[in-house]
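An overview of the molecular structure
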There are 2 protein chains.
Amino acid sequence: MDFTEKTINKQSLYQGKIIDVNLHDVTLPNGKTSKREIVNHPGAVALICVTEEKKLVMVRQYRKALEKEIVEIPAGKLEKGEDPEDTAKRELEEETGYQTDYLKKVASFYTSPGFADELVHLFETGTLTEGKAATDEDEFVEVIEATIEEAEKMIETEEIHDAKTMFAVQYIKQKLSSTR
Amino acid sequence: MDFTEKTINKQSLYQGKIIDVNLHDVTLPNGKTSKREIVNHPGAVALICVTEEKKLVMVRQYRKALEKEIVEIPAGKLEKGEDPEDTAKRELEEETGYQTDYLKKVASFYTSPGFADELVHLFETGTLTEGKAATDEDEFVEVIEATIEEAEKMIETEEIHDAKTMFAVQYIKQKLSSTR
């Protein structure tokens, strides 16, 4: 069965710096019409970055949408036309100071398919070289390195509280336990 | 160090049926100002629902934001003031027809902390009783039951392509392997 919802009218509600918001009038499979509020986002990258000491590299930052600080794996949004791997290398170095000899693609996933098209490309770093972080002028982050056990505690206390970071902690736990 | 970004002005850009969009002028820790585009969402529930045959119950549906059908674990947004556990029970029955004798809270997570406050409450079902699905008038979903191996293949083919479902598949895989 074809569930496609065809746009019959599209109204631009907002064109911003990071997101655009559009209201679509759509036809449903039963012929009726409905409205869909859609947020368009350029997409993002996120990095699973584990040090030689098996510590997960994360950043603590204030998230205005949540009105609180949380600890997340390094991430950043795609610039227009930028290759996700280039974004990943740039964000890793800017946010944490680390450089990596290679990037392995782990997965990609939509974050909020109900209302947004944000797609996150998730990479895993290779061998790390330490450098100096150089965050953007209006970006304030603190680098944190945590063992898996420490990261799991941070999930319990909700210091870690977002989907991509919780996925990463699970991924690393599974990987480390299968190579022990 | 306190990274709090204080709102000095807030402009409502859109008040919709599901999302509100606001533009905040904020002061940064360095005293400068910046703008934050924020999507406010009522939050949602999602369900890890495994049958006696160890199959994961999912739904295939068209996602307008992605302009494609994907397969996801059952989910739905919170009604105003509704207890997430009640939402979870309702959505499970509406979307899949199943009823559960209890719900276990697995986790909660923000889906897109960079621009949205959507929080997903993730539950795991107990013993299931079969019933009849009764989806909303403008909701078209097909119920799918897949083994973990089948679900992993659907991740490879990107039929499963969202963070909560990929987290759920990892969670169930870890759980089943530890109880084998």
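Residues numbered from 1 in each chain as written. Chains lettered and ligands numbered in written order. Predicted model: local features only at pLDDT ≥ 70, side-chain atom pairs only at ≥ 80, totals over all residues. Heavy atoms only, no water.

**A closer look at the overall build of chain A**
Per the secondary structure count, chain A includes three helices and 12 strands. By residue count, 54% of the 180 residues in chain A fall in the buried class. Sequence-distant contacts in chain A: of pairs separated by 6 or more residues, those separated by 24 or more amount to 55%. When the 24 positive and 37 negative side-chain charges of chain A are each reduced to one mean point, those points stand 5 Å apart. (Helix = DSSP H or I, 4+ residues; strand = E, 2+ residues; numbered from the N terminus. Buried < 20%, exposed > 50% of the residue type's maximum accessible area, 1.4 Å probe, protein only. Contact = heavy atoms within 4.5 Å. Lys, Arg positive; Asp, Glu negative; His and termini not counted. Charge placed at Lys NZ, Arg CZ, Asp CG, Glu CD.)

**Description of the relation of the copies chain B and chain A**
Of the two same-sequence chains, chain B is brought onto chain A (RMSD 0.0 Å, axial shift 0.0 Å) by a rotation of 180 degrees. Those values place the two copies in the arrangement expected of a two-fold rotation axis. A share of 100% of the interface residues of chain B reappears at the interface of chain A, consistent with the copies meeting face to face through the same patch. (Least-squares fit on C-alpha atoms with pLDDT ≥ 70 in both.)

**Quick word on a negative patch on the surface**
All names here are of chain A. A cluster of acidic residues, E52, E53, E130 and E145, forms a negative patch on the protein surface. With respect to the helices, strands and loops of the structure, E52 is situated in the loop between strand 4 (44-48) and strand 5 (56-63). Using a relative accessible area of 74% as the deciding quantity, one classes E52 as exposed. (Patch = residues over 30% accessible without salt bridge, like charges linked within 9 Å, V, L, I, M, F, W, Y side chains within 5 Å. Areas by Shrake-Rupley, 256 points an atom, 1.4 Å probe, with all protein chains shown as cover. Salt bridge = Lys/Arg side-chain N within 4 Å of Asp/Glu carboxyl O.)

**As for the sheet that holds strand 12 (residues 141-146) of chain A**
Residue and element names in this part refer to chain A. Reading across the sheet, the three strands line up as 6-5-12 and stay open at both edges, with antiparallel pairing between neighbours. Looking at the sheet topology across the chains shown, the edges are occupied by strand 6 (68-72) and strand 12. Between one strand axis and the next, the sheet turns by 25 degrees as a mean value, whatever way the strands run. Two strands pair when backbone bridges link them, and strand 5 and strand 12 are joined in this way by six bridges, in the antiparallel orientation. Residue pairing in the sheet places V57 in a bridge with E145 of strand 12. Here helix 2 (residues 148-156) sits on the sheet in contact with strand 5, strand 6 and strand 12, set at roughly 120 degrees to strand 12. (Pairing = 2+ DSSP bridges. Axes fitted to C-alpha atoms, helices over the stretch in contact; angles between N-to-C directions.)

**Brief notes about the UniProt feature "domain: Nudix hydrolase" (unreviewed entry) in chain A**
Mapped onto the present numbering, the UniProt feature "domain: Nudix hydrolase" (unreviewed entry) falls at residues 39-168 of chain A. Helix makes up 22% of residues 39-168 of chain A and strand 37%, whereas the separation of the span's terminal C-alpha atoms amounts to 25 Å. (UniProt positions renumbered as here; feature names shortened; annotations may be inferred.)

**Quick word on helix 2 of chain A**
All names here are of chain A. All of the buried residues in helix 2 are I148, A151 and M154. End-on, the buried residues of helix 2 take up no more than an arc of 115 degrees, which puts them together on one face. Projecting away from the buried face of helix 2 at angles above 90 degrees are the exposed residues K153 and E156. Here the buried face of helix 2 lies against strand 5, strand 6, strand 12 and helix 3 (163-178). Just past helix 2, the residue E158 takes up positive phi, approximately 65 degrees. (Arc of directions from axis to C-beta.)

**A closer look at the pattern of salt bridges**
Overall, the coordinates contain 26 salt bridges over all chains when judged by the stated rule. We note a salt bridge from E82 of chain A to R90 of chain A, for which the minimum N-O separation is 2.6 Å. Taking the relative accessible area as the measure of exposure, R90 of chain A reaches 24% and is therefore partly exposed. Put simply, K164 of chain B and E72 of chain B hold a salt bridge, and the shortest N to O gap is 2.7 Å. Here K164 of chain B, found in helix 3 (residues 163-178), pairs with E72 of chain B, found in strand 6 (residues 68-72); they are 92 residues apart in sequence, far enough to count as distant. Residue classification places K164 of chain B among the buried residues on the basis of a relative accessible area of 9%. With a relative accessible area of 0%, E72 of chain B lands in the buried category. A network of salt bridges, in which partner residues are shared, links R63, E72, D162 and K164 of chain A.

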